[in-house]
Amino acid sequence: MLDHDSSDHVLLRRLGVLCASKGYEDFVSTHISPVLTVSLTSSELANWQLQVGDAASAFKTLRSDMALEEEGADYQLVPTTPARTPVLRMVEEQLPSILPEPFPDDTLIFEDQGGEYASVQISADDTGHPQFRATRMLKKMFMQKEQDEAYQFLLELRELEITPCPSRAFFHAASRTLEALLSPDVDPNTIPCLRQQYAAWLQLVPNNVNVSSLTRLLFHSPEPDLAIVAETATTLTTRGHARRVIVPATRILYRDPSSTFGVQFLKDLEATSLRYCDENPALGLRELCSDMHLRARSIAIRAFARVGRIAEAIELLPEPETDGKLPIFVYDILLQEIGRSETHEYLEVVRAHRLKALSVAQQVPVTHLSGTPSLPDELSSSNLASSLRFLKRSFKRGSPGPHPQALLSFMEAYLATGRTYALTLLFNKAASTSHFHTATFLYAEMMFYFRHYEYDAVLETVVDHFYLGNGIPRPLVLAWERDRKERLAGASPDWTPVSSRFLTGKRLDPITKIWPTSAHTSLLWQAVTLLNKDYASVLLLYKALLRSLREGLSVDETKPKSLRSNPNLALPESSAFVPFIRKMMNKEGLEKGPEILNDMVSLGRTPTVAHFTEIAHQYARAGETSRAFMILGRLEESLRRAKEEGTIEIKRSPGSIFPDIAMYVSLMRGFIAAEDLEAAEEVARRLRENLGWDDAYPPLQAAVQDLEELKLRGPQLKADSEEEARQLYAA
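Because the structure is predicted, anything quoted here is derived from the model rather than measured.

**Structural notes on the packing of aromatic side chains**
And then number 1: The final tally for this structure, using the stated rule, is 15 aromatic pairs.
And then number 2: Relative to Trp201, the ring of Tyr151 has its centre 6.3 Å away and its plane inclined at 70°; by these criteria the two rings are edge-to-face. Taken together, the residues Tyr151 in helix α6 (residues 147-159) and Trp201 in helix α8 (residues 191-202) connect sequence positions 50 residues apart. For the pair shown, Tyr151 and Trp201 are each scored as buried.
And then number 3: Plain terms: the ring middles of Phe448 and Tyr449 are 5.9 Å apart, the flat faces sit at 70° to each other, and that makes the pair edge-to-face.
And then number 4: Residue Tyr449 is classed as buried on the basis of its relative accessible area, which comes to 1%.
And then number 5: By way of ring pairs, the aromatic residues Phe142, Tyr151, Phe170 and Trp201 are connected into one cluster.

Spelled out as structure tokens, the structure:
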């Protein structure tokens, strides 16, 4: 039966319950439970475990009542004698219904009440107590899948001031409620009720239960509910699960760009954790909690520094008389952000804390960390093994790490060999080091997919690793994920998730997801836009982009500065507008390009050479030669002045305002499509004059080849145009 491959496990489930009712719990846990754990859903498995637990409890109760052994067919039934009346009941029948009031001078019948008498607490074996009867009733409702009725019964128990005993059944109820609450398809009208149910069941979770499945469900939700995260962290900390929730919850609550959580919440969590340590003393527990508190403070301090809440970051620094020390790079980041702000009065305070952390008596020069990872000069595409070792060494906590472009170059070279294993190792190294390095690797991976037109893989990377916070088109991403699952399920009833990503090995599963940066959200917007072929959907997407920026950039002046969110850290950059220019100019006309630029500027987004390239390309395709060359001429003039002043090093840059080789190639393509040979040759001449000729650039090689073909067709094109002119004149 155990080896039988079938999706119907009803008989196996009944066998497990039956064996538990006969006392064979070891057999159930060793042979039956592993099979059902793999094949059943989480809710079905939880219900089956409850049935097994109740059956085992019933057997133990029956066994304690039996004198020698179980009943069997060997024993003959004998007539039962009338049960004797208990002595206590006989005494109660003899006593009057109302006892007389005792006199002060009455003496005790037997002996004086002394110190040997102790108060007797009701134990878990006293199943007649209302607490245990209530717990049994709630478990029975769970088994009958009446969770809503169980919650109403719990509310009635609260009115009677009866609190059920903590039980594992309430943990499963809390998990099921949280799963429904975090579902993308949850009815908004039921959210308040689900939150109340979740909080109620969570408070009844026992101390000795493993809460990892619940915290994983909560911390890996695509769209975390900050209020639920905060409540879960507080409740589980009171239950002794601080090591599982304090650090991950701090990452979510304080790194969210829209978060307004302050210092007091983190201090309350620390106090609750220490209070549990004092009430439940264990060897090394308090030291473990103290180390965990420092890690959480390190995360919160960096988050406060990034959004300019310097005073709150200073408040979280360890007291000078304590032994707690933060990592040195935390002080460096804080000093760097103080230097950028106008709060220089905190410089000496932070420097003093840094000196104490280093345990030296002299001023130590500050090592400023760049917000952008460094570009390793040692990276060599010709020696992949040495490049891999260098990249792995560069993923070190507190260091800037490798530049995304270096990672992208390695990905291109390594994947060309047909292998992927080393990239999985590299990702695991980044994920085990810090969220900053994880974000760097994922951005390079998304750039690889984007360059190879694998836009589905870009979205899959976002769904797998990022919270869908500010700046991300959440409904569109979730709708894409649902459609993808429906397509796979429609293609095969027994479908398994098929990944579009190149990380095919076993990836490290971090405790929490990470918040995206502006670079990630901008790339995601471009991928979503290019995936949409329907122009009506593109218009809706453009309006959603504008609305996201307007809402994110709005500041509530009525709130204190310390409570204002700063979602600008994750809002899309100007590059998110690039794919809209071509689509909307093709559909609505050439004037749509300048309108998009005006929208960008009004929202604080500066146009780059990529935007001007798209507009000039559309002008060239439409035969607007003068307008196309006007844009190119203005950018070339800026380049000429910069070269004369010596203020720029000529190189390609995404944020450059000077023409790059991609712009020249795009203009050549536009004029070739418009069959304007003279204009295309003029663009080629300007490219050679201003930037030089790069024969190793593949798009340029392809454009030159098309230009040569256009030259061969030149006489025929000229004859056709003259004939068309004669016909028009004759008409």
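**What about helix α9 (residues 212-219)?**
And then number 1: Residues of α9 that are buried: Leu214, Thr215, Leu218 and Phe219. The arc enclosing the buried residues of α9, seen along the axis, measures out at 120°, which places them on a common side.
And then number 2: Elements in contact with the buried residues of α9: α7 (168-181), α8, α10 (226-238) and α11 (242-255).

**Re the environment of Arg351**
And then number 1: Here Arg351 lies in helix α16 (residues 347-358).
And then number 2: Taking the C-alpha atoms as reference, Arg351 lies 9.9 Å from Leu334; in sequence the two are 17 residues apart.
And then number 3: At a separation of 3.3 Å, a polar atom in the side chain of Arg351 contacts the side chain of Glu348.

**Considerations on the packing of helix α5 (residues 130-143) against α7**
And then number 1: The N-to-C vectors of α5 and α7 enclose an angle of 45°; their axes lie 10 Å apart at closest approach. Of the possible angle classes, the one that applies to α5 and α7 is oblique. As for the relative orientation of α5 and α7, their crossing is left-handed in sense. Of the residues in α7, those touching α5 at Thr135, Leu138, Lys139 and Phe142 are Ala169, Phe170, Ala173 and Arg176.
And then number 2: Class assignment for the residues of the contact of α5 with α7 results in five nonpolar, one polar and two charged.

**Re the pattern of salt bridges**
And then number 1: Counted by the stated rule, this structure contains 20 salt bridges.
And then number 2: The salt bridge involving Lys592 is made with Glu595; its shortest N-O contact spans 3.2 Å. You can see Lys592 and its partner Glu595 sitting in helix α26 (residues 592-602), three residues apart, about one turn around the helix.
And then number 3: Using a relative accessible area of 17% as the deciding quantity, one classes Lys592 as buried.

**Section: the nonpolar core**
And then number 1: The biggest cluster of nonpolar side chains holds 93 residues, and the ones touching the most others in it are Phe441 and Phe671.
And then number 2: Of the residues forming this core, the biggest block, nine residues, is contributed by helix α20 (residues 435-451).
And then number 3: Setting aside residues up to four positions removed in sequence, Phe671 forms contacts with Ala620, Thr625, Ala628, Phe629, Asp676, Ala679, Ala680 and Val683.
And then number 4: Within the second largest apolar cluster, 77 residues are counted, among which are Tyr198, Ala249, Leu317 and Ala357.

**Side note on the packing of helix α28 (residues 625-645) against helix α30 (residues 677-690)**
Packed helices, taken two at a time, are described by the angle their axes make and the gap between the axes.
And then number 1: At a minimum axis separation of 12 Å, α28 and α30 run at an interaxial angle of 5°. Relative to α30, α28 is oriented roughly parallel. Contacts between α28 and α30 involve Thr625, Phe629, Leu632, Gly633, Glu636, Leu639, Arg640 and Lys643 from the former and Ala679, Glu682, Val683, Arg686 and Asn690 from the latter.

**Considering the confidence of the model for the protein chain**
And then number 1: Summing up the model confidence of the protein chain, the mean pLDDT is 79 and the portion of residues at 70 or higher is 77%.
And then number 2: Counting interchain partners and residues more than four positions distant, the pLDDT-below-50 stretch residues 117-127 has 10 contacts.
And then number 3: Note that pLDDT drops below 50 for residues 650-655; the model gives that stretch nine contacts with residues more than four away or on any other chain.

**Focus: the side chain of Thr613**
And then number 1: With respect to the secondary-structure elements, Thr613 resides in helix α27 (residues 609-621).
And then number 2: The class for Thr613 is buried, based on a relative accessible area of 11%.
And then number 3: Contact partners of Thr613, with chain neighbours within four places excluded, come to Ala662, Met663 and Ser666.

Conventions used here
- Residues numbered from 1 in each chain as written.
- Predicted model: local features only at pLDDT ≥ 70, side-chain atom pairs only at ≥ 80, totals over all residues.
- Heavy atoms only, no water.
- Phe/Tyr/Trp six-rings, centres within 6.5 Å; stacked < 30°, edge-to-face > 60°.
- Helix = DSSP H or I, 4+ residues; strand = E, 2+ residues; numbered from the N terminus.
- Buried < 20%, exposed > 50% of the residue type's maximum accessible area, 1.4 Å probe, protein only.
- Arc of directions from axis to C-beta.
- Contact = heavy atoms within 4.5 Å.
- Polar contact = N/O pair within 3.5 Å; in protein donor to acceptor, adjacent residues only side chain to side chain.
- Axes fitted to C-alpha atoms, helices over the stretch in contact; angles between N-to-C directions.
- Parallel < 35°, antiparallel > 145°, perpendicular 65-115°, else oblique.
- Left-handed = near helix turned anticlockwise from the far one by under 90°.
- Nonpolar A, V, L, I, M, F, W, Y, C, P; charged D, E, K, R; others polar.
- Salt bridge = Lys/Arg side-chain N within 4 Å of Asp/Glu carboxyl O.
- Core = buried A, V, L, I, M, F, W, Y, C linked by side-chain atoms within 4.5 Å.
- pLDDT = per-residue confidence, 0-100.

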